[in-house]
Amino acid sequence: MAIFVANESDWTVDEESLVALARHALEQMGVDPLAELSVLLVDVGAMERLHVRWMGEAGPTDVLAFPMDELDDARGRDDAEPPPALLGDVVICPEVADAQAKAAGHSLDDELHVLCTHGVLHLLGYDHAEPDEEQEMFGQQAKLIASWTATRS
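### Quick word on helix α2 (residues 44-55)
Then, in step 1: Taking 1.5 Å as the rise per residue, α2 with twelve residues should run 16 Å; its terminal C-alpha atoms sit 15 Å apart, in good agreement.
Then, in step 2: Among the residues making up α2, those that are buried are Ala 46, Met 47 and His 51. Along α2, the residues classed as buried sweep out an arc of 135° about the axis, all on the same side. Projecting away from the buried face of α2 at angles above 90 degrees are the exposed residues Arg 49 and Arg 53.
Then, in step 3: Looking at the buried side of α2, the elements it contacts are β3 (63-67) and β4 (86-92).
Then, in step 4: Regarding α2, its N-cap is Asp 43, as a side-chain oxygen of that residue lies 3.3 Å from the backbone nitrogen of Gly 45 further along.
Then, in step 5: Looking one or two residues past α2, Gly 56 carries a phi angle of roughly 70°, positive in sign.

Right under this line is the structure:
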């Protein structure tokens, strides 16, 4: 699994842990090992521009996901393997994440892990627009973070 991290923000971030977490999440979700993912860390101004352009909402946000290839789920078919896919980009703003971490009473790393997992799930087709979708997505998010945390102990 190829996971690329580009830190274009002024924040020092544990990029290795983001890669490890993203890899764990993708493996747990059964994504083809040849899939590719990009994680981009940006400053507030860049995130605000992306948020306005793609979501039509003012101000910066914490995480955005930009899917690239449609996932072709060939599991259960005898005649095909799932093709490798360029999953897309997860864009995270560490400055917004830091404010959220402080409000929630946990570390910036913990917040970045939540946001990275959240972005990966969006790339895999999860959403939280409806209450049942939100319950499924946030449940899966908590499960992935808990299983990843357990592997680090």
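### Considerations on the pairing of strand β1 (residues 2-7)
Then, in step 1: Where β1 meets strand β2 (residues 36-41), six bridges bridge the pair, whose relative direction is parallel. Among the inter-strand pairings, Asn 7 is bridged to a residue of β2, identified as Leu 41.
Then, in step 2: For the crossover from β1 across helix α1 (residues 15-28) to β2, the handedness is left-handed.

### Points about the sheet that holds β3
Then, in step 1: Sheet architecture is open: four strands sit in the order β1-β2-β4-β3, paired in mixed fashion. Of all the strands in the sheet, just β1 and β3 have a single pairing partner and so form its edges. This sheet shows a mean twist of 15° between the axes of neighbouring strands, independent of strand direction.
Then, in step 2: Helix α4 (residues 108-123) contacts β2, β3 and β4 of the sheet and is inclined by roughly 145° relative to β4.

### Some thoughts on the pattern of salt bridges
Then, in step 1: Throughout the structure, instances matching the rule amount to one salt bridge.
Then, in step 2: When the shortest N-O distance is used, the salt bridge between Lys 102 and Asp 98 registers 3.0 Å. One end of the pair, Lys 102, and the other, Asp 98, are both in helix α3 (residues 94-104), four residues apart, so they sit about a helical turn from each other.
Then, in step 3: On the basis of relative accessibility, which here comes to 62%, the residue Lys 102 falls in the exposed class.

### Some remarks on α4
Residues spaced three or four apart along an α-helix face the same direction, because each turn holds 3.6 residues.
Then, in step 1: If you check α4, its first and last C-alpha atoms are 22 Å apart, about what 16 residues at 1.5 Å a residue would give, namely 22 Å.
Then, in step 2: Looking only at α4, the buried set comprises Leu 108, Glu 111, Leu 112, His 113, Leu 115, Cys 116, Thr 117, His 118, Gly 119, Val 120, Leu 121 and Leu 123.
Then, in step 3: Those residues of α4 hidden inside the fold are in contact with α1, β2, β3, β4, α3 and α5 (131-152).
Then, in step 4: Immediately beyond the C-terminal end of α4, within one or two residues, lies Gly 125, with a positive phi of roughly 100°.

### A short note on the packing of aromatic side chains
Then, in step 1: Under the definition given, this model contains one aromatic pair.
Then, in step 2: Summarising the aromatic geometry, the rings of Trp 54 and Phe 66 are spaced 6.1 Å apart at their centres and angled 75° between planes, so their arrangement reads as edge-to-face. You can see Trp 54 sitting in helix α2 and its partner Phe 66 sitting in strand β3, a full twelve residues away along the chain.
Then, in step 3: The partly exposed category is assigned to Trp 54, whose relative accessible area is 47%.

Criteria and thresholds
Residues numbered from 1 in each chain as written. Predicted model: local features only at pLDDT ≥ 70, side-chain atom pairs only at ≥ 80, totals over all residues. Heavy atoms only, no water. Helix = DSSP H or I, 4+ residues; strand = E, 2+ residues; numbered from the N terminus. Expected span 1.5 Å × (residues − 1). Buried < 20%, exposed > 50% of the residue type's maximum accessible area, 1.4 Å probe, protein only. Arc of directions from axis to C-beta. Contact = heavy atoms within 4.5 Å. Polar contact = N/O pair within 3.5 Å; in protein donor to acceptor, adjacent residues only side chain to side chain. Pairing = 2+ DSSP bridges. Right-handed = clockwise from strand over helix to strand, strands pointing away. Axes fitted to C-alpha atoms, helices over the stretch in contact; angles between N-to-C directions. Salt bridge = Lys/Arg side-chain N within 4 Å of Asp/Glu carboxyl O. Phe/Tyr/Trp six-rings, centres within 6.5 Å; stacked < 30°, edge-to-face > 60°.

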